[in-house]
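Structural features, examined
So the chains spell out like this:
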Amino acid sequence: MSNFLAHYGGEIAELTVEHLWLTGAAMLFAAVLAIPAGIWLTRKPQWARPVIAVTNVLQTIPSLAMFGFLLPLPWLGERAARIAIVALAAYALLPILRNTYAGICGIDPAVLEVARAIGLTGRQRLLMVELPLAASFIFAGLRTATVTCIGIATIAAAVGAGGLGELIFRGVASVDNRLVLAGAIPAALLALAADGLLGLLERRFKVPAA
Amino acid sequence: MQKIEKSEGSPAIALSDVSVTTPQRRLLLDHVSLTCDAGTTTVILGRSGSGKTTLLRTINGMIAASSGQIKVRSVDVQTADLTQLRRGIGYVIQETGLFPHFTIERNVGVVLEAIDRPRNDRIQRIRELLAAVGLDPASFAGRYPHQLSGGQRQRVGLARALAADPPILLMDEPFGALDPLTRAEMQDLLRNLLSRMRKTIVLVTHDVDEALYLADRIVLLQEGRLVTRVSPQEFLNSSAPEVAVFLRAYRRGARQMRSEINT
């Protein structure tokens with residue numbers, strides 16, 4: 001066992017960092033897209049259904065198929081990491097978008113009415129009232145998305161994007177359970193850590209009902 | 001009915017021939033004309049669904065009139081910069097709409113924050129206001145709305161509405177959710193404040209007693225139409241059937257007791 005760790009320790013650490021970078025970049029992209037989109041949907045609620053439906057469909061695409069679809073595309077297909085990040089971001093869109101939208105829609109209408117009636121500008125209402133009050137929801141969406149993506153990112157090794165999936169695939173191919181666990185355990189720990197950290201933020205921004 | 005009396009200058013609020021129709025073509029306000037003189041309190045009385053709140057909300061442009069004209073201190077609401085207009089009009093509603101994530105201090109000062117008043121000025125003003133509505137600044141400034149009782153929250157709502165010293169205050173059933181004793185305290189507080197500062201108030205209620213107690217003018221709405229606009233004294237003495245309905249429902253308990261004693 002110690003022999004195994006001595007041999008693979010460096011590689012596990014390296015792949016863990018790679019795994020984190022893939023998921024982190026994907027989450028960043030997804031957040032930059034989905035949070036503003038979620039806000040926009042609260043202004044144009046007639047678009048909420050169709051847009052959420054599209055992101056919903058994205059979620060149902062099996063991950064292996066998704067990586068396969070992206071492979072032949074120009075630019076994207078050149079680097080496996082690009083494919084992985086785009087695919088992971090696509091999966092992360094729905095939870096973030098839905099929670100941003102639901103978080104803002106769930107704000108007490110009296111609070112929003114007063115914010116308007118006392119002469120806050122649209123920007124002030126968004127920054128001072130809507131986003132802070134929806135923050136807990138948005139973090140919950142980010143948490144779900146991150147945990148899901150850390151799991152799916154292991155599949156990205158199938159297209160050569162690296163990450164902890166690499167050890168899992170190698171372990172499966174060589175029927176070596178130690179290798180499978182060497183990929184699976186750190187991935188699970190990453191997911192737990194992300195869950196805990198974002199859960200902390202989620203609770204930090206929770207607003208007690210009046 | 002009673003005609004509008006003469007007053008110096010233009011009225012603080014003037015609605016002429018205002019109608020509001022919903023997109024579903026339901027008529028909420030039916031050709032209402034009304035003026036409120038500066039420094040007076042106008043109480044709008046009516047049943048639920050009579051258009052009271054709609055009328056109030058046309059004044060600060062929260063609801064757009066379908067026809068007619070609304071002027072607030074000679075500014076036409078339909079063409080006004082609504083953000084600027086609303087900053088000059090205090091707004092108090094039954095649900096208070098306090099920001100749950102702000103401390104009491106920040107809630108009271110939010111309008112001042114929005115207009116970039118320096119922080120030290122704000123804090124000074126917030127303290128004055130909290131004291132004016134009967135809340136000890138030292139113990140309340142740092143609390144959050146959910147830590148306050150309904151009456152205390154309504155006091156904070158009133159302080160917030162007064163923060164930028166607006167000449168006009170719109171109040172939509174401000175004390176409707178409070179128990180009768182707390183409501184009476186708040187009515188006294190409001191009267192007390194008004195005796196010290198000159199504000200034009202439009203207050204919506206369905207409480208006849210509140211209307212008689214606070215109003216310079218009582219406006220009665222029925223199905224979107226303005227039925228009458230009279231002084232409290234005239235309201236009490238009115239023989240109009242629409243008014244009589246309200247007066248019959250008012251203080252029934254006491255009247256019944258009296259009639260039982262007399263028989």
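Preceding this paragraph is the structure being described.
Residues numbered from 1 in each chain as written. Chains lettered and ligands numbered in written order. Predicted model: local features only at pLDDT ≥ 70, side-chain atom pairs only at ≥ 80, totals over all residues.

**What to know about the environment of arginine 122 of chain B**
All names here are of chain B. Relative to the helices and strands, arginine 122 resides in helix 5 (residues 119-132). By the C-beta count within 10 Å, which is 21 here, arginine 122 ends up buried. Other than its neighbours up to four places away in sequence, arginine 122 contacts Gly109, Leu112, Glu113 and Arg117. (Helix = DSSP H or I, 4+ residues; strand = E, 2+ residues; numbered from the N terminus. Buried ≥ 20, exposed ≤ 12 C-beta atoms within 10 Å, placed from the backbone. Contact = placed C-beta atoms within 7 Å.)

**Some words on the interface of chain B and chain A**
Size of an interface, as often reported, equals the accessible area lost when the parts are brought together. At the interface, 19 residues of chain B touch 18 residues of chain A. In terms of residue class, the side of chain B that touches chain A is made up of 11 nonpolar, 5 polar and 3 charged. (Nonpolar A, V, L, I, M, F, W, Y, C, P; charged D, E, K, R; others polar.)

**Here we look at the nonpolar core**
One broad rule of soluble globular proteins: the nonpolar side chains tend to lie buried together. Residue and element names in this part refer to chain A. The biggest cluster of nonpolar side chains holds 131 residues, and the ones touching the most others in it are Ala30, Ala84, Leu88, Ala92, Ile96 and Cys149. The element best represented in this core is helix 4 (residues 80-105), accounting for 16 residues. Discounting residues that sit within four places of it in the chain, isoleucine 96 has contacts with Ala30, Ala31, Ala34, Ile35, Gly38, Gly141, Leu142 and Ala145. (Core = buried A, V, L, I, M, F, W, Y, C linked by C-beta atoms within 7 Å.)

**A word on unusual backbone geometry**
For valine 175 of chain A, which is not a glycine, the phi torsion comes out positive at approximately 45°. Within the secondary structure, valine 175 of chain A sits in the loop between helix 7 (165-173) and helix 8 (177-204). Unusually for a residue other than glycine, threonine 96 of chain B sits at a positive phi of about 65°. Position of threonine 96 of chain B among the secondary structure elements: in the loop between strand 6 (89-93) and helix 3 (104-108). For threonine 96 of chain B, a count of 25 C-beta atoms within 10 Å puts it in the buried group.

**Observations regarding the sheet that holds strand 2 (residues 27-36) of chain B**
Residue and element names in this part refer to chain B. Spatially, the 4 strands line up as an open sheet ordered 2-1-4-5, and their pairing is antiparallel. Edge positions in the open sheet fall to strand 2 and strand 5 (75-76), since each of these has one partner strand only. In the sheet, strand 4 (residues 67-72) pairs with strand 5 via 2 bridges, with the strands oriented antiparallel. Paired with lysine 71 across the two strands is aspartate 76, which belongs to strand 5. (Pairing = 2+ DSSP bridges.)

**Quick look at the packing of helix 1 (residues 2-43) of chain A against helix 6 (residues 122-152) of chain A**
All names here are of chain A. Orientation of helix 1 relative to helix 6, taken along the N-to-C sense of each, is 145°, at an axis distance of 10 Å. In the packing of helix 1 onto helix 6, the handedness of the crossing is right-handed. Contact residues: helix 1 offers Thr23, Ala26, Met27, Ala30, Ala31 and Ile35, while helix 6 offers Ile138, Leu142, Ala145, Thr146, Cys149 and Ile150. Looking at the contact of helix 1 with helix 6, its residues break down into 10 nonpolar, 2 polar and no charged. (Axes fitted to C-alpha atoms, helices over the stretch in contact; angles between N-to-C directions. Left-handed = near helix turned anticlockwise from the far one by under 90°.)

**Some words on the environment of arginine 125 of chain B**
Residues and elements named next belong to chain B. With respect to the helices and strands, arginine 125 occurs in helix 5. In this structure arginine 125 comes out as partly exposed when scored by C-beta crowding, with 19 C-beta atoms within 10 Å. On a C-alpha basis, the gap between arginine 125 and valine 108 in space is 9.2 Å, while along the polypeptide they are 17 residues apart. Those residues in contact with arginine 125 that lie beyond four places of it in its chain are Leu112 and Ala163.

**Concerning the sheet that holds strand 9 (residues 217-222) of chain B**
All names here are of chain B. Taking strand neighbours across the sheet as the criterion, the 6 strands line up as 6-7-8-3-9-10 in an open arrangement whose pairing is mixed. Of all strands in the sheet, those bounded by a partner on one side alone are strand 6 and strand 10 (225-230). Adjacent strand axes in the sheet meet at a mean angle of 15° when their direction is disregarded. The sheet contact formed by strand 9 and strand 10 spans 5 bridges and is antiparallel. Paired with leucine 220 across the bridge in strand 10 is threonine 228. The strands touched by helix 11 (residues 241-248) are strand 3 (41-45), strand 9 and strand 10; relative to strand 9, the strand with the most contacts, the crossing angle is about 105°.

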